Amino acid sequence: MDLEYFLELFLGGLVKGSIYALIALGYTMVYGIIELINFAHGEIYMLGAYTALIVASVLTVLGFPHLAIVIMAGLAAIIWASAYGFTVEKVAYKPLRKAPRLSPLISAIGMSIFLQNYVLLAQTDKFLPFPELIPEFEFWEPYSHIIGSPSLMILVSTVVIMMLLTYIIKYTTMGKAMRATAQDRTMAMLVGISVNKVISFTFVIGSSLAAIGGVLVASQMGQINFYIGFMAGIKAFTAAVLGGIGSIPGAVLGGLVLGMTESLATGYISSDYEDVFAFALLVLILIFRPAGLLGRNTTQKV
């Protein structure tokens, strides 16, 4: 029984960490390219969930089959969230690229508050029921008491997405342009790389990952409201810093470490201190590794 309980906590931590990692990738990719903390990223996660809810509700009323609803709701969430990420970069961040670093940071916080209140006014401040897009798989029924089908889908989706993202960054032309821009934006422009396209592409990819995370989590939890992006964004940002802001493997590792810490601490100590343990771990690691687990210390020329 103790082993089964540990396994439940372990897998629960992996699921939670996978979601943190998906959202943290958006933070760390944007920071790696333009050294900006996109505090509106959590709201993109929330917008993805709301988009999937609206599309799924309409398609259900129209009598579409379940599989079609899942695919179309997921695609709509990705496209709509990507459009918001692209627009936010153009409106709130691009005009401030040469401004003092505090200016885009304030703009990011303002955009986060704007998107929260925009959804609050457009929808409601109450929790809304979210349809069960991911059904219970029959072949997984013997193991469903340890980890349910929605959680299993989150793990599988995260692994597939990480593999695709790794391929894009390492082997595609845009991926190489992203790495070049992150290393030296001026030199990237000199060799003919369109930095504006690279930055826009980075926001679109990060927003797509956040939307996927929002849909998966909302389907698992069964409800959403306008505020779900705030705490998810804070935790994902913590994961990105924990792993090393700007490092893609670090974002994944930070998300998994954070998720495991919360799950095990909640299961063996107390759920009342879940956030305390998460942020205490962050402080502890940054004391000994100021750049994060996989981050690299950089020296600034003055």
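Structure: see above.
This section reports on the structure supplied with the text.

### Digging into the overall build of the protein
Thought 1: The number of helices and strands found in the protein is 11 helices and 2 strands.
Thought 2: Sequence-ordered secondary structure for the protein, helices as α and strands as β, is α-α-α-α-β-α-α-α-α-β-α-α-α.
Thought 3: Overall, the protein is about 60 × 50 × 40 Å in size when its C-alpha atoms are taken along their principal axes.
Thought 4: Total accessible area on the protein is roughly 15,500 Å²; 69% of this is exposed by carbon and sulfur atoms.
Thought 5: When the 16 basic and 16 acidic side-chain charges of the protein are each reduced to a single mean position, those positions are 24 Å apart.

### Here's the deal with a nonpolar patch on the surface
Thought 1: Judged by side-chain polarity, I54, V58, L62, F64, L67, I71, M72, L75 and I79 come together as a nonpolar surface patch covering roughly 860 Å² of accessible area.
Thought 2: At the level of secondary structure, the elements contributing two or more residues to the nonpolar patch comprise helix 2 (41–61) and helix 3 (66–93).
Thought 3: By residue number, the principal contributor to the nonpolar patch is helix 3, which donates 5 residues.
Thought 4: Looking at where V58 falls in the secondary structure, it is placed in helix 2.
Thought 5: Accessibility expressed as a relative area gives 45% for V58, which makes it partly exposed.

### Brief notes about a negative patch on the surface
Thought 1: A surface patch of like charges, here negative, comprises E132, E136, E138 and E141.
Thought 2: Secondary-structure assignment places E136 in the loop between strand 1 (128–129) and helix 5 (149–171).

### Here's the deal with the packing of aromatic side chains
Thought 1: Applying the stated rule across the entire model yields 11 aromatic pairs.
Thought 2: Ring-pair connections join several aromatic residues into one group, and the members of that group are W80, Y84, F114 and Y118.

### Details of the nonpolar core
Thought 1: Counting residues in hydrophobic clusters, the biggest one holds 80 residues, and the most contacted among them are Y93, L115 and I224.
Thought 2: For this core, the leading source of residues is helix 1 (residues 2–34), giving 14 residues.
Thought 3: Residues within four places of L115 in sequence aside, it is in contact with A40, E43, I44, M46, L47, Y84 and V88.

### A closer look at the packing of helix 1 against helix 2
Any two packed helices are characterised by how steeply their axes cross, that is the angle between the axes, and by the distance between the axes.
Thought 1: One way to put it is that helix 1 packs onto helix 2 with a least axis distance of 10 Å and a crossing angle of 135 degrees. When the axes of helix 1 and helix 2 are compared, the pair comes out oblique. In this structure, helix 1 crosses over helix 2, and the sense of that crossing is right-handed. Where helix 1 abuts helix 2, its residues I23, G26 and Y27 lie against H41, G42 and Y45.
Thought 2: By residue class, the composition of the contact of helix 1 with helix 2 is 3 nonpolar, 3 polar and no charged.

Here is what the cut-offs are and how they apply
- Residues numbered from 1 in each chain as written.
- Predicted model: local features only at pLDDT ≥ 70, side-chain atom pairs only at ≥ 80, totals over all residues.
- Heavy atoms only, no water.
- Helix = DSSP H or I, 4+ residues; strand = E, 2+ residues; numbered from the N terminus.
- Areas by Shrake-Rupley, 256 points an atom, 1.4 Å probe, with all protein chains shown as cover.
- Lys, Arg positive; Asp, Glu negative; His and termini not counted.
- Charge placed at Lys NZ, Arg CZ, Asp CG, Glu CD.
- Patch = residues over 30% accessible without salt bridge, like charges linked within 9 Å, V, L, I, M, F, W, Y side chains within 5 Å.
- Salt bridge = Lys/Arg side-chain N within 4 Å of Asp/Glu carboxyl O.
- Buried < 20%, exposed > 50% of the residue type's maximum accessible area, 1.4 Å probe, protein only.
- Phe/Tyr/Trp six-rings, centres within 6.5 Å; stacked < 30°, edge-to-face > 60°.
- Core = buried A, V, L, I, M, F, W, Y, C linked by side-chain atoms within 4.5 Å.
- Contact = heavy atoms within 4.5 Å.
- Axes fitted to C-alpha atoms, helices over the stretch in contact; angles between N-to-C directions.
- Parallel < 35°, antiparallel > 145°, perpendicular 65-115°, else oblique.
- Left-handed = near helix turned anticlockwise from the far one by under 90°.
- Nonpolar A, V, L, I, M, F, W, Y, C, P; charged D, E, K, R; others polar.

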